[in-house]
Amino acid sequence: MAEDEKTPQFSWRTREQLFSRRVLVLDGDLDDDNGTLLTTQFLSLATEDPDAGISLWIHSRGGSVPAMLAIRDVMRLVPCEVSTLALGLAASAGQFLLSAGTPGRRFALPHARILMHQGSAGIGGSTVDVEVQADDLRHMVTTVLGLIAGDTGQPYDRVYEDSLHDRWFTAQQAKDYGFIDHIVESFGQVVPERKRIGIRA
């Protein structure tokens, strides 16, 4: 079998096993396809049990801004607590979703790296097209940075300045900035809780 024909190590069977434990995974680039999948998975799990938490594990270089915003909207829409975890890398959209988790339930592994920067977009066409696209980009940047400021507790102006160039954070720096609440120290912090069946008198 050719190198590019190998079965992915992170297979659909593995994803389904994690899904059954209420764990969703953003691995690799975020695009419209896996973004739609994640939003529908959040809604499906919330419909199944609105009281049980959902975990989002992240190892991503970032990607689609519309998909990122849609996932965040659904994370805030569902009644479930949403725990987020940075595995190795949470960059751009990955950072955005990491910090959008339920306050107190945002984690990173000790050697995870977090990257914040402003989104970019190709702008071209006629003068009118360029003006419309520039206005849309400004709106997108203002929206995203405003949400990051709200999630981290940092002033908007500081987030804006820090986002002008790629800014890398260690797990401890990410905690100090407000992207996460905890650096993982024990297995129990991130292991999905099994549903407990209560015995009523």
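Residues numbered from 1 in each chain as written. Predicted model: local features only at pLDDT ≥ 70, side-chain atom pairs only at ≥ 80, totals over all residues. Heavy atoms only, no water.

(A) Local environment of the confidence of the model for the protein. On average, residues of the protein score 86 in pLDDT, and 83% of them reach the 70 mark or higher. Below a pLDDT of 50 lies the segment residues 121-130, which in the model reaches 10 contacts outside its immediate sequence neighbourhood of four places, other chains included. With pLDDT under 50 throughout, residues 196-201 is counted as low confidence; its partners more than four residues away or in other chains account for 0 contacts. (pLDDT = per-residue confidence, 0-100. Contact = heavy atoms within 4.5 Å.)

(B) Local environment of helix H2 (residues 32-48). With 17 residues, H2 should cover 24 Å at 1.5 Å per step; its first-to-last C-alpha distance of 24 Å lies within 8% of that length. Residues of H2 that are buried sit in contact with helix H1 (12-20), strand E1 (23-27), strand E2 (54-60), helix H3 (65-77) and strand E3 (82-91). N-cap assignment for H2: the residue whose side-chain oxygen lies 3.0 Å from the backbone N of Asp33 is Asp31. (Helix = DSSP H or I, 4+ residues; strand = E, 2+ residues; numbered from the N terminus. Expected span 1.5 Å × (residues − 1). Polar contact = N/O pair within 3.5 Å; in protein donor to acceptor, adjacent residues only side chain to side chain.)

(C) Examining unusual backbone geometry more closely. A positive phi angle is found at Arg22, which is not glycine, with a value near 65°. Examined against the element boundaries, Arg22 turns out to sit in the loop between H1 and E1. Residues other than glycine seldom take positive phi values, yet Ser92 does so here, at roughly 55°. Along the chain, Ser92 falls in the loop between E3 and helix H4 (93-99).

(D) Structural view of the pairing of E3. For E3, the buried fraction is high: 8 of the 10 residues fall into the buried class. In the classification by handedness, the crossover that spans E2, the intervening H3 and the parallel E3 is right-handed. With 3 bridges joining them, E3 and strand E4 (residues 106-108) adopt parallel strand pairing. From the neighbouring strand, Leu85 faces E4, where its bridge partner is Phe107. As a crossover connection, the stretch from E3 through H4 into E4 is right-handed. (Buried < 20%, exposed > 50% of the residue type's maximum accessible area, 1.4 Å probe, protein only. Right-handed = clockwise from strand over helix to strand, strands pointing away. Pairing = 2+ DSSP bridges.)

(E) Spotlight on the pairing of E1. Most of E1 is tucked away, with 4 of its 5 residues classed as buried. Note: E1 against E2, 5 bridges, orientation parallel. In the sheet register, Val25 faces E2, and the bridge partner there is Trp57. For the crossover that starts at E1, traverses H2 and ends in the parallel E2, the hand is right-handed.

(F) How the structure looks around the packing of aromatic side chains. Counted under the stated rule, the structure contains 4 aromatic pairs. Pairing Phe169 with Phe179 gives two aromatic rings, centres 4.9 Å apart and planes at 85°, and the pair type is edge-to-face. Of this pair, Phe169 sits in strand E6 (residues 167-169) while Phe179 is found in the loop between helix H7 (171-177) and strand E7 (182-183), placing the two residues 10 residues apart along the sequence. Of the residues examined, Phe169 reaches a relative accessible area of 1% and is grouped as buried. Owing to a relative accessible area of 0%, Phe179 belongs among the buried residues under this scheme. (Phe/Tyr/Trp six-rings, centres within 6.5 Å; stacked < 30°, edge-to-face > 60°.)

(G) Focus on the pattern of salt bridges. Taken as a whole and assessed by the stated rule, the structure comprises 9 salt bridges. Across the pair Asp151 and Arg76 runs a salt bridge, and its minimum N-O distance is 3.1 Å. Of this pair, Asp151 sits in helix H5 (residues 127-152) while Arg76 is found in helix H3, placing the two residues 75 residues apart along the sequence. In this structure Arg76 comes out as partly exposed when scored by relative accessible area, which is 43%. Across the pair Arg105 and Glu81 runs a salt bridge, and its minimum N-O distance is 3.3 Å. Of this pair, Arg105 sits in the loop between H4 and E4 while Glu81 sits in the loop between H3 and E3, and the two are 24 residues apart along the sequence. Since its relative accessible area comes to 26%, Arg105 is described here as partly exposed. Via salt bridges that share partners, Arg72, Arg76 and Asp151 belong to a single interconnected network. (Salt bridge = Lys/Arg side-chain N within 4 Å of Asp/Glu carboxyl O.)

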